[in-house]
Amino acid sequence: MAIQQGDQLPDATLSVMKEGRPSRVSVSELTAGKKVVIFAVPGAFTPTCSEHHLPGYVRNSEAIKDKGVSSIVCVAVNDAFVMDAWGKDNDADDIVMAGDGNGEFAKALGLEMDGSGFGLGMRSQRYAMIVEDGVVTTLAVEAPGDFSVSRAESILEAL
């Protein structure tokens, strides 16, 4: 069953780049005692993700943080190296670029998708959530092929 509003996030481990090396970080470490926006994309450097999803959060990061959000976390089933390069390519300095390399977080949330028809293997569905102290307060999961409810502008309105 997929995660729902009101649920505690599973404490999976993600990977981020720190001092030029991959570093593991727990989801609870990212969210404990904070209001955080987490958004997930099927893949770094893919068209909708690169042209719209991540850039929207880059453009709106200050406005989102002005609503009391401590951090914005972008997650994809990619490794920390790819996430770091993608973040640099999009000037995403204000966004935590977190790799879910084995898809464990996506699976734990019940939000994985099979992209093998496109040669992508198992990936994450496109979604965004607002999390307060580890609890999901807002959850916006896209229907396959859609891009509307998880946009930065939609999350900004929800805040």
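So, here is what we can say about the structure in this document. These numbers come from a predicted model, not from an experiment. (Residues numbered from 1 in each chain as written. Predicted model: local features only at pLDDT ≥ 70, side-chain atom pairs only at ≥ 80, totals over all residues. Heavy atoms only, no water.)

Focus on the overall build of the protein chain
Move 1: Along its length, the protein chain carries 5 helices and 9 strands.
Move 2: Taking 2.2 N^0.38 as the reference for a compact globule, 159 residues should give roughly 15 Å; the C-alpha atoms of the protein chain span a radius of gyration of 14 Å, in line with that estimate.
Move 3: Along the first, second and third principal axes, the C-alpha set of the protein chain runs to 40 × 35 × 30 Å.
Move 4: Within the protein chain, buried positions represent 47% of all 159 residues.
Move 5: Looking at the protein chain alone, contacts between residues at least 24 apart form 61% of all its contacts between residues at least 6 apart.
Move 6: Total accessible area computed for the protein chain in this model is approximately 7600 Å², and 46% of it derives from carbon and sulfur atoms.
Move 7: Across the protein chain, the centroid of the 13 positively charged side chains sits 2 Å from that of the 23 negatively charged ones. (Helix = DSSP H or I, 4+ residues; strand = E, 2+ residues; numbered from the N terminus. Rg over C-alpha atoms; globule rule 2.2 N^0.38 Å. Buried < 20%, exposed > 50% of the residue type's maximum accessible area, 1.4 Å probe, protein only. Contact = heavy atoms within 4.5 Å. Areas by Shrake-Rupley, 256 points an atom, 1.4 Å probe, with all protein chains shown as cover. Lys, Arg positive; Asp, Glu negative; His and termini not counted. Charge placed at Lys NZ, Arg CZ, Asp CG, Glu CD.)

Considerations on unusual backbone geometry
Move 1: Unlike most non-glycine residues, Glu19 shows phi in positive territory, near 55°.
Move 2: Position of Glu19 among the secondary structure elements: in the loop between β1 (13-18) and β2 (21-26).

Overview of the nonpolar core
Move 1: Counting 22 residues, the largest nonpolar core has Phe39, Tyr57, Trp86 and Ile95 as its most contacted members.
Move 2: Of all the secondary structure elements, the ones that give two or more residues to this core are β3 (35-41), α2 (47-65), β4 (71-76), α3 (80-89), β5 (95-99), β8 (127-132) and α5 (152-158).
Move 3: Looking at this core, the element that brings in the most residues is α2, giving 4 residues.
Move 4: Residues contacting Phe39, with those up to four places away along its chain left out, are His53, Leu54, Tyr57, Ile72, Val73, Cys74, Val75, Ile95, Tyr127 and Ala128.
Move 5: Formed by 21 residues, the second largest nonpolar core is a distinct cluster that contains Ile3, Leu30, Val131 and Val136. (Core = buried A, V, L, I, M, F, W, Y, C linked by side-chain atoms within 4.5 Å.)

Remarks on α2
Move 1: Given a rise of 1.5 Å per residue, 19 residues ought to cover 27 Å, and the 26 Å separating the end C-alpha atoms of α2 matches this to within 8%.
Move 2: The largest bend in α2 comes to about 50°, at Arg59.
Move 3: Within α2, burial applies to Cys49, Ser50, His53, Leu54, Pro55, Gly56, Tyr57, Asn60, Ser61 and Ile64.
Move 4: Structurally, α2 contributes buried residues whose contacts are with β3, β4, α3, β5, β8 and α5. (Expected span 1.5 Å × (residues − 1). Bend = angle between axes of the 7 residues up to and from the residue.)

Description of the pattern of salt bridges
Move 1: Overall, the coordinates contain 3 salt bridges when judged by the stated rule.
Move 2: Between Glu153 and Arg151 there is a salt bridge; the shortest N-O distance is 3.7 Å.
Move 3: For Glu153, a relative accessible area of 28% puts it in the partly exposed group.
Move 4: Each of the salt bridges in this network shares a partner with another, and the network as a whole consists of Arg59, Arg151 and Glu153. (Salt bridge = Lys/Arg side-chain N within 4 Å of Asp/Glu carboxyl O.)

A closer look at the side chain of Ser15
Move 1: Mapped onto the secondary structure, Ser15 falls in strand β1.
Move 2: When neighbours within four sequence positions are excluded, Ser15 is seen to be in contact with Pro22, Ser23, Ala80, Met97, Ala98 and Gly99.

So, the packing of aromatic side chains
Move 1: Counting across every chain of the model gives 2 aromatic pairs.
Move 2: With a centroid separation of 3.9 Å and an interplanar angle of 5°, the aromatic rings of Phe39 and Tyr57 are classed as stacked. With Phe39 in strand β3 and Tyr57 in helix α2, the pair connects residues that are 18 residues apart, well separated along the chain. For the pair Phe39 and Tyr57, a shared accessibility class is recorded, and that class is buried. (Phe/Tyr/Trp six-rings, centres within 6.5 Å; stacked < 30°, edge-to-face > 60°.)

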